[in-house]
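Close look at the chain arrangement
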There are 2 protein chains.
Amino acid sequence: MQNYSAAADPAPDPRVEMLVNDLIGRVADKWTLLVLEELEEHGTCRFTRLAQLVPGISQKMLTQTLRAMERDGLVRRTVYPVVPPKVEYALTDLGHSLGEAFCGVWHWAEAHLAAVEAARSAFDAGT
Amino acid sequence: MQNYSAAADPAPDPRVEMLVNDLIGRVADKWTLLVLEELEEHGTCRFTRLAQLVPGISQKMLTQTLRAMERDGLVRRTVYPVVPPKVEYALTDLGHSLGEAFCGVWHWAEAHLAAVEAARSAFDAGT
DNA sequence: TGCCAATACTCTCCAATGGAAAGTAGGCAC
DNA sequence: GTGCCTACTTTCCATTGGAGAGTATTGGCA
């Protein structure tokens, strides 16, 4: 386990490490994760549907998050030149692969929900 | 909300889904992830060492992140009543399990770094 | 003719968050 | 006493995020 860190990694390239940290910092965003989840679950979606699907997101953040994800190659944005406007968002292969990588985190959240809540109660009571 | 009837959905309970989303929202934080990584990699650390290890974190955010992680049962905080003060942070079993869950994400970041950068260049050039 | 509905943003205002740096506590060598 | 060490804590200010109104487009309706 943990072969991302490494006893067997004598000369970790600092540039790569920095870039990976940077990428993590951008991808590990609440809204990115939630949008990714909904797109995984529901497939291709339009803007307003996503806004309804992601709990509590504002239009501004949805636009911003989708733009960033598009720029990073995670989602594909398809505009239909009709009136009223129609824009569809879908995960790219890269987006799907990230969704699969995050799969473990969702499972963890489901599995350890009770443990986290217990820890919180204990902490709040103890201090 | 929607009819979650047809799909072979593993978690049709809306309460659980909401709690999981909430938990994801809290755990999917840039600093939490970075601190988790360093703690996984270096094991037990003191405050200032962690501050040096995590690139770009401020003391305030480090304190805040560590407190939140402690509350969620991810790290264990050990205070030695000596002078000058000495406080050690270590991952709990729960923290380790989360680290393993995020392992896939780090692998993804390493593996798809080039793809993301290519997508970014293409996006920036195309617009 | 002129107004409205529908959609995907975009803008504005304001509150909350995050970073930089200085301050705090409290024994101990001097 | 004075300064030092460490782990915070506080203060100030720039940036971010949320709520809600505004914008652009054009077919349909009165």
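Everything below is about the structure printed above this text.
My aim in this report is to walk through the structure given alongside it, one point at a time. (Residues numbered from 1 in each chain as written. Chains lettered and ligands numbered in written order. Predicted model: local features only at pLDDT ≥ 70, side-chain atom pairs only at ≥ 80, totals over all residues. Heavy atoms only, no water.)

**Considerations on the interface of chain A and chain B**
Contacts between the two partners involve 48 residues from chain A, matched on the other side by 50 residues from chain B. For the pairing of chain A and chain B, the buried interface totals around 4,700 Å² over both sides, and the portion due to carbon and sulfur atoms is 69%. Our enumeration of links across chain A and chain B arrives at 4 salt bridges. Seen at the junction of chain A and chain B, the total is 8 residue pairs in polar contact (both at pLDDT 80 or more). Elements supplying a minimum of two residues to the side of chain A that touches chain B: helix H1 (14-27), helix H2 (30-42), helix H4 (59-71) and helix H5 (93-126) of chain A. Element by element, the count of residues in the side of chain A that touches chain B is highest for H5(A), at 20 residues. Here the residues of the side of chain A that touches chain B are counted per class, giving 26 nonpolar, 9 polar and 13 charged. (Contact = heavy atoms within 4.5 Å. Buried area = accessible area lost by both parts, 1.4 Å probe. Salt bridge = Lys/Arg side-chain N within 4 Å of Asp/Glu carboxyl O. Polar contact = N/O pair within 3.5 Å; in protein donor to acceptor, adjacent residues only side chain to side chain. Helix = DSSP H or I, 4+ residues; strand = E, 2+ residues; numbered from the N terminus. Nonpolar A, V, L, I, M, F, W, Y, C, P; charged D, E, K, R; others polar.)

**Focus on the relation of the copies chain A and chain B**
In screw terms, the move from chain A to chain B is a rotation of 180 degrees and a rise of 0.1 Å along the axis, fitting with an RMSD of 0.1 Å. This pairing of chains is accounted for by a two-fold axis. Of every C-alpha in chain A, the one belonging to Ala28(A) sits nearest the axis of rotation, 2.6 Å from it. Of all interface residues in chain A, 88% are interface residues in chain B too; the two copies therefore contact each other through one and the same surface. (Least-squares fit on C-alpha atoms with pLDDT ≥ 70 in both.)

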